[in-house]
Amino acid sequence: MKEIVKMLKVQYEDGYKMLKNAVEICPDGLWKADNNGLPIWNQIVHALIGSDFWLRLDYTADFESSFSLPDNLGEKLFQDEWCSENDGFMTKEQVMDCFKKFDVKKDKFFDSLSDEMLCRQILDDMDFTYLSVICAQIRHIMCHVGMCEDAIIAFGGEEIPWVAFGEN
């Protein structure tokens, strides 16, 4: 049975689409700006890296990222550090390439789950389950969607289009 998995995927996808929409509507003048130490591009990549790390089937294997990040930024991004304008930035095209690569992984992940697997502990030394990491990633993405939207609106840009219940 996959009814709960299907609903979780819809909820995840809605936030994921909103994160992708943030790339498309972010004004160019804000994209790489410092934004109080949280550049828009960096927030989006940070959220994607989090999902790339957590949405996987084998948590005992060494993590291999789906993304090939620029050499000058990769180490900082994988260490969960924020980049400044002096560090460089990823272009919108580079970030959209990350979305394209992750699309394949996330679909494979959700397609491999069953409702019965959701409450299965993923690591012996932690109480995390597939359900808990999926829910955490939904919240993580929506946190950054909200932060990006706030910065975009303050800069004079548009709201990020709302996506809900898979209707968009």
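Structure: above.
Everything numeric in this text was worked out from a predicted model, so none of it was measured.

Quick look at the packing of helix H1 (residues 3-25) against helix H5 (residues 92-112) now. Between H1 and H5, the shortest axis-to-axis distance is 11 Å and the interhelical angle comes to 175°. With respect to each other, H1 and H5 are oriented roughly antiparallel. Residue-level inspection shows Val5, Leu8, Lys9, Tyr12, Glu13, Tyr16, Leu19, Lys20, Val23 and Glu24 of H1 in contact with H5, the latter providing Lys92, Val95, Met96, Phe99, Phe102, Asp103, Lys106, Asp107, Phe110 and Asp111. The residue inventory of the contact of H1 with H5, partitioned by class, reads eleven nonpolar, no polar and nine charged.

Quick look at helix H4 (residues 71-78) now. Within H4, burial applies to Leu73, Gly74 and Leu77. Considered in projection along H4, the buried side chains sweep an arc of 110° and stay on one side of the axis. The exposed set on the far side of H4, more than 90 degrees from its buried face, consists of Asp71, Asn72 and Glu75. Of the residues trailing H4, Asp80 is marked for its positive phi of about 65°.

For the rest of this paragraph, the subject is the packing of aromatic side chains. Inspection of the entire model under this criterion finds twelve aromatic pairs. Taking the centre distance of 5.8 Å and the plane angle of 25° together, the rings of Tyr12 and Tyr16 count as stacked. Residue Tyr12 and its partner Tyr16 are both found in helix H1; the two are separated by four residues, about one turn of the helix. Exposure class is identical for Tyr12 and Tyr16. Each is buried. Seen from their ring centres, Tyr16 and Phe99 are 5.2 Å apart, and the 65° between their planes marks the pair as edge-to-face. On the criterion of sequence distance, the pair formed by Tyr16 in helix H1 and Phe99 in helix H5 is long-range, its members being 83 residues apart.

Within the structure shown, the criterion is met by ten salt bridges. One salt bridge in this structure joins Lys92 and Asp28, with 3.3 Å as the shortest N-O distance. You can see Lys92 sitting in helix H5 and its partner Asp28 sitting in helix H2 (residues 28-31), a full 64 residues away along the chain. A relative accessible area of 17% places Lys92 in the buried class. Where Asp107 meets Lys106, a salt bridge forms, and the shortest distance between an N and an O atom there is 3.0 Å. What makes Asp107 partly exposed here is its relative accessible area of 27%.

This part is about the side chain of Asp115. Checked against the element boundaries, Asp115 lands in the loop between H5 and helix H6 (130-155). In this structure Asp115 is buried but unpaired, with Lys2 as the nearest side chain of opposite charge at 7.2 Å. In terms of polar contacts, Asp115 uses its side chain to reach the backbone amide nitrogen of Val5, at 2.9 Å. Aside from chain neighbours lying at most four places away, what touches Asp115 is Met1, Lys2, Glu3, Ile4 and Val5.

Quick notes on the rules
Residues numbered from 1 in each chain as written. Predicted model: local features only at pLDDT ≥ 70, side-chain atom pairs only at ≥ 80, totals over all residues. Heavy atoms only, no water. Axes fitted to C-alpha atoms, helices over the stretch in contact; angles between N-to-C directions. Helix = DSSP H or I, 4+ residues; strand = E, 2+ residues; numbered from the N terminus. Parallel < 35°, antiparallel > 145°, perpendicular 65-115°, else oblique. Contact = heavy atoms within 4.5 Å. Nonpolar A, V, L, I, M, F, W, Y, C, P; charged D, E, K, R; others polar. Buried < 20%, exposed > 50% of the residue type's maximum accessible area, 1.4 Å probe, protein only. Arc of directions from axis to C-beta. Phe/Tyr/Trp six-rings, centres within 6.5 Å; stacked < 30°, edge-to-face > 60°. Salt bridge = Lys/Arg side-chain N within 4 Å of Asp/Glu carboxyl O. Lys, Arg positive; Asp, Glu negative; His and termini not counted. Polar contact = N/O pair within 3.5 Å; in protein donor to acceptor, adjacent residues only side chain to side chain.

Function cannot be inferred from these measures alone, as they are strictly geometric.
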